[in-house]
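# Fold and contact review
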Amino acid sequence: MKNVRIGIVGLGTVGSGVVRILKEQQALIAQQTGLSFEIVKAIIANPDRERASYLKDVALGTDITQLLQDESIDIIVEVMGSVAAAKDLIEQALAAHKNVVTANKDLIAQYGQELAELAMANNVALRYEASVAGGIPILQILRTAYKADQVHTIAGILNGTTNFILTQMDEQGLTYDQALKAAKEKGFAESDPTNDVDGFDAAYKLAILTKMAFGLSVPQSAIDITGIRELAIDDVKAARAAGYELKLIGLSDLTDEGLRLAVAPMVVHENQPIAQIRNEHNAVLVKS
Ligand SMILES: NC(=O)c1ccc[n+]([C@@H]2O[C@H](COP(=O)([O-])OP(=O)(O)OC[C@H]3O[C@@H](n4cnc5c(N)ncnc54)[C@H](OP(=O)(O)O)[C@@H]3O)[C@@H](O)[C@H]2O)c1
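Residues numbered from 1 in each chain as written. Predicted model: local features only at pLDDT ≥ 70, side-chain atom pairs only at ≥ 80, totals over all residues. Heavy atoms only, no water.

## Digging into the site of the ligand
Lining the immediate environment of the ligand, one finds 18 residues, of which Leu 11, Val 14, Asn 46, Arg 49 and Arg 51 sit closest. The contact in question runs from an oxygen atom of the ligand to an N or O atom on the backbone of Ala 45, over 3.1 Å. A distance of 2.8 Å is found between an oxygen atom of the ligand and a side-chain nitrogen or oxygen belonging to Arg 51. In the complex, 65% of the free accessible area of the ligand, which totals 900 Å², lies under the protein chains. Taken together, the residues of the shell around the ligand sort by class into nine nonpolar, six polar and three charged. (Near = heavy atom within 4 Å. Polar contact = N/O pair within 3.5 Å; in protein donor to acceptor, adjacent residues only side chain to side chain. Areas by Shrake-Rupley, 256 points an atom, 1.4 Å probe, with all protein chains shown as cover. Nonpolar A, V, L, I, M, F, W, Y, C, P; charged D, E, K, R; others polar.)

Okay, here's the thing in structure tokens:
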């Protein structure tokens, strides 16, 4: 059985999850793919940080060149976040003929095209399915199954933090501040939640979906972005009383005037499937 050797950069929420799943699902993955996957080394920032027990046998390092110079490594997984440093790392990895997997939506929304061209020039793959609605394999589907189809609309709940907050306001009657506090306690919101609650995270994901669905690269400035910070419990209640739910929706809609791009709180009729998506879960609706 071929053994695929992986170097991973970042061992936080996502990186440690990758290691855990590759371990726990080893037998299933081998059965499905005929391949075994081995994490050769993880590059991290703080070697003194306490790690979960299932990470104990992962070799750690702090120097990315250890991965780049190791010719036996097939894939580099970038899950450290940031834009400039991650871009630099991925460029070096692609130039070193390594396949790259990343979950970095900020980076892919801004430099995805450039990096995809670099990957192609070096005859290696750049994969970023986990950057948008990680549990929903939507990018691959748009890239392949929808290739000969005209997509008209993409509408989605693209940010779990804000959907959790809105669900808690709706179901538990919490104020925005109380619901945000609950999201932080559950680890769904960061200490500075700006990227999520002001809609920027969803906008990055919308830009990636738009590229896949319509073939258009859109800067964040082309997206009309409104977050959920200003929503009051009365707004949520009023929507509910009228038979609707308030959701933060990322919308890419082909109109007669061109593509309308927005991230904003929108009312969704309670019978619509997207209204049923509760808490931290995501959903993507494609009309074609
Ligand atoms: N969290 C999610 O639910 C989620 C979902 C989808 C996509 N993403 C994306 O996935 C990426 C990672 O997110 P995360 O939540 O896992 O982040 P995180 O928990 O903050 O983990 C970041 C990891 O990267 C390491 N790191 C940071 N800077 C580094 C550097 N310069 N060199 C080497 N290692 C460095 C950190 O090392 P230490 O451990 O030593 O500090 C840590 O292990 C981001 O691009 C994020 O947008 C996250």
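## What about the pattern of salt bridges?
Any two side chains of opposite charge can pair, given that their charged atoms come close. Considering all chains together, one arrives at 16 salt bridges under this definition. Residue Lys 87 is joined to Glu 114 by a salt bridge in which the shortest nitrogen-to-oxygen separation is 3.0 Å. Remark: Glu 114 occurs in helix H5 (residues 105-121) and Lys 87 occurs in helix H4 (residues 84-95); sequence separation between them is 27 residues. For Glu 245, the salt bridge identified is with Arg 240, shortest N-O distance 2.8 Å. (Salt bridge = Lys/Arg side-chain N within 4 Å of Asp/Glu carboxyl O. Helix = DSSP H or I, 4+ residues; strand = E, 2+ residues; numbered from the N terminus.)

## A few points about the domain arrangement of the protein chain
When its domains are assigned, the protein chain resolves into domain 1 (2-131) and domain 2 (153-287). Measuring from the centre of the C-alpha atoms in domain 1 to the corresponding centre in domain 2 gives 29 Å. On the side of domain 2, eight residues touch domain 1, which itself brings eight residues to the contact. Between the two partners, domain 1 and domain 2, sit one salt bridge. The residue Lys 105 makes a salt bridge to Asp 201 at a minimum N-O spacing of 3.3 Å. (Domains from an automatic or database assignment. Contact = heavy atoms within 4.5 Å.)

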